[in-house]
Amino acid sequence: MANYYQKEMETMPQEQLRALQDERLVKQVRHVWDNVPYYRKKMEEKGVAPEDIRGVADLYKLPFLSKDDLREAYPYGLLAVPKKDCVRIHSTSGTTGKRVVAFYTQHDIDLWDDCCARAIVAAGGTEEDVCHIAYGFGLFTGGAGLNGGSHKVGCLTLPMSSGNTDRQLQFMEDLGSTILCCTPSYAAYLAESIHEKGLQDKIHLKAGIFGAEAWSEDMRHDIEEKLGIKAYDIYGLTETSGPGVAFECSEQTGMHINEDHFIAEIIDPDTGEVLPEGSKGELVFTAITKQAFPLLRYRTRDICILSRKPCSCGRTHVKMCKPMGRSDDMLIIRGINVFPSQIETVLIQQGYSANYQIIVDRVNNSDTFEVMVEMNPDMFSDSLAKITAAEKKLVEALKAMLGIAAKVKLVTPKSITRSEGKAVRVIDRRKI
Ligand code: DLL
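Nothing here was measured: the structure is a model prediction, and the numbers come from that model.

Draft legend 1. Region of interest: the nonpolar core. In this structure, L62, L78, Y235, I257, L283, F285 and M320 are the most contacted members of the largest nonpolar core, which totals 53 residues. In contact with Y235, other than residues within four places in its own chain, are G242, P243, G244, V245, A246, M255, L283, F285, T300, D302, M320 and P323.

Set out below in structure tokens:
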């Protein structure tokens, strides 16, 4: 297998690309109308029929889909092919009841792998590389997506999954890993460990493909310097398959969206109005090649800007900037999606009031996560040992709900400042 660069698709002139999108969109709308009663009803409610959609210019006529729709239709309500035609499920991190599940046919996996392969090639990957994948494997899409992409490129693929840092470093050294794929915070942690152990001369990485959470340019420079690599951003979400919806090229000035598979729009998050190119707003995707889970006009909640400025790499696909925040209250802490409402549920279940504050920060490139909770008045006179035990119980309950550990501090009743307007539940001190 030689260089896996899908040049014809990635450098297609924009008019030709638009014609391809038009054709694929028309087909996809028909597929959804015929097979997804949930979305067909939404179209009927908006008075839109498949005949009304003749191309990308008509996209605005279609109704949006949101995470709420996915929850309402959970688990099979948006599936567009018979279950027997699906070969895989992935899911977002989050609570059991609120998980988003996505389905894939073999064809969907194949196209997803293509998208991830493009990202690896754009980072300089070839069949000569040893691709070290330290994204989590399992329901999370990171591990499986980059693994599939790495196979397509023909890299020698190391499906490490996350964690067990000593073993990661050992394999990196012994097997000569050249491309590292993981979250930026884990990359920073690995870089630090390499320095602490004085392993710099034994590690031969040349590139990193980091995504799934926000990271700053400062963090990029820090990782690049410590690991002696070029660090590339990659973006995606479970609902659109996973990583590989967009990726950075050698220019490192935004991520090319795989426009032969996804149509991107920027909308005003309050009104839903489509905004002109260059505006800042919420990113919306329409998947035009997916079979099993073909979401149309899916609201990502990520705030972003698109740019069609020509790129020196030759790729013609539109670029998205790094997501600049979210239009909902979801936090991404160490790569895990956390909703304040989940924390509130745990507190109430454990008999506490909803007076709490979440404090997130980034120290040494790693997220810290603390939850301050007001103790109940009857606990006020409890011994320190009893309060410590209560904190420990909350830590465990939160871990079970969220999948990540938080530091919990019980504070005296009424000590968390009450707000006159919306309660300030989240203090996010990360500068990203
Ligand atoms: O995070 C998929 C992924 C895996 C992307 C590995 C990149 C690499 P979810 O867990 O569903 O999927 O989370 C999706 O994560 O809506 C963004 O808010 C955020 N996100 C993903 N990539 C980036 C990035 C995966 N490069 C949510 N920069 C998205 C900033 C990102 N935020």
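Draft legend 2. Layout of helix α9 (residues 217–227). Of all the residues in α9, the buried ones are M219, R220, I223, E224 and L227. Burial along α9 is one-sided: seen end-on, the buried residues are contained in an arc of 130 degrees. Away from its buried face by more than 90 degrees, α9 exposes D218 and E225. Taken together, the buried residues of α9 touch β5 (179–182), α8 (184–196), β6 (207–211), β7 (230–237), β8 (242–248) and β16 (356–363). Two residues or fewer past α9, G228 is found with a positive phi of approximately 65 degrees.

Draft legend 3. Expanded view of the packing of α8 against α9. Orientation of α8 relative to α9, taken along the N-to-C sense of each, is 35 degrees, at an axis distance of 9 Å. The handedness of the crossing between α8 and α9 is left-handed. Each of P184, S185, A187, A188, A191, I194 and H195 in α8 lies in contact with α9, whose residues at this interface are M219, I223, K226 and L227.

Draft legend 4. Spatial organisation of the packing of aromatic side chains. This structure, assessed with the given rule, holds seven aromatic pairs. Plain terms: the ring middles of F210 and W215 are 5.8 Å apart, the flat faces sit at 75 degrees to each other, and that makes the pair edge-to-face. Judged on exposure class, the residue F210 and its partner W215 are both buried. Stacked on the ring of W215, the Lys or Arg R220 has its end atom at 5.6 Å from the ring centre. Geometry around F64 places R299 over its ring, the cationic atom sitting 5.5 Å from the centre.

Draft legend 5. Structural view of the sheet that holds strand β19 (residues 426–428). On the basis of which strands lie adjacent, the open sheet formed by four strands has the order β18-β17-β16-β19 and mixed pairing. Unpaired on one side and paired on the other, β18 (407–411) and β19 mark the two borders of the sheet. For this sheet the average axis-to-axis angle between neighbouring strands, irrespective of direction, equals 20 degrees. Judged from the eight bridges that link them, β16 and strand β17 (residues 366–374) form a sheet pairing that is antiparallel. Residue pairing across strands places Y356 opposite V373, the latter belonging to β17.

Draft legend 6. Region of the structure containing the environment of S66. Following the sequence through the fold, S66 ends up in the loop between α3 (37–45) and α4 (67–72). Taking the C-alpha atoms as reference, S66 lies 45 Å from D382; in sequence the two are 316 residues apart.

Draft legend 7. Representation of the pattern of salt bridges in the model. Tallied over the full model, the rule gives 32 salt bridges. Where K61 meets D58, a salt bridge forms, and the shortest distance between an N and an O atom there is 3.1 Å. Residue K61 is classed as partly exposed on the basis of its relative accessible area, which comes to 22%. Judged by its relative accessible area of 10%, D58 falls in the buried class.

Draft legend 8. Examining the site of the ligand more closely. Near the ligand you find 22 residues, and of these A212, D233, I234, T238 and D302 are the closest. A212 is positioned with one of its backbone polar atoms (N or O) 3.1 Å from a nitrogen atom of the ligand. Between the ligand and R326 there is a distance of 3.2 Å, counted from an oxygen atom to a side-chain nitrogen or oxygen. Burial of the ligand by the protein amounts to 97% of the accessible area it has alone, namely 610 Å². The set of elements that each furnish at least two residues to the shell around the ligand consists of α6 (141–153) and β7. A per-element tally of the shell around the ligand places β7 first, with five residues. A per-class count over the shell around the ligand returns 10 nonpolar, seven polar and five charged.

What counts, and at which threshold
- Residues numbered from 1 in each chain as written.
- Predicted model: local features only at pLDDT ≥ 70, side-chain atom pairs only at ≥ 80, totals over all residues.
- Heavy atoms only, no water.
- Core = buried A, V, L, I, M, F, W, Y, C linked by side-chain atoms within 4.5 Å.
- Buried < 20%, exposed > 50% of the residue type's maximum accessible area, 1.4 Å probe, protein only.
- Contact = heavy atoms within 4.5 Å.
- Helix = DSSP H or I, 4+ residues; strand = E, 2+ residues; numbered from the N terminus.
- Arc of directions from axis to C-beta.
- Axes fitted to C-alpha atoms, helices over the stretch in contact; angles between N-to-C directions.
- Left-handed = near helix turned anticlockwise from the far one by under 90°.
- Phe/Tyr/Trp six-rings, centres within 6.5 Å; stacked < 30°, edge-to-face > 60°.
- Lys NZ or Arg CZ within 6 Å of the ring centre and 35° of its normal.
- Pairing = 2+ DSSP bridges.
- Salt bridge = Lys/Arg side-chain N within 4 Å of Asp/Glu carboxyl O.
- Near = heavy atom within 4 Å.
- Polar contact = N/O pair within 3.5 Å; in protein donor to acceptor, adjacent residues only side chain to side chain.
- Areas by Shrake-Rupley, 256 points an atom, 1.4 Å probe, with all protein chains shown as cover.
- Nonpolar A, V, L, I, M, F, W, Y, C, P; charged D, E, K, R; others polar.

No statement about biological role is implied by the geometric values presented.
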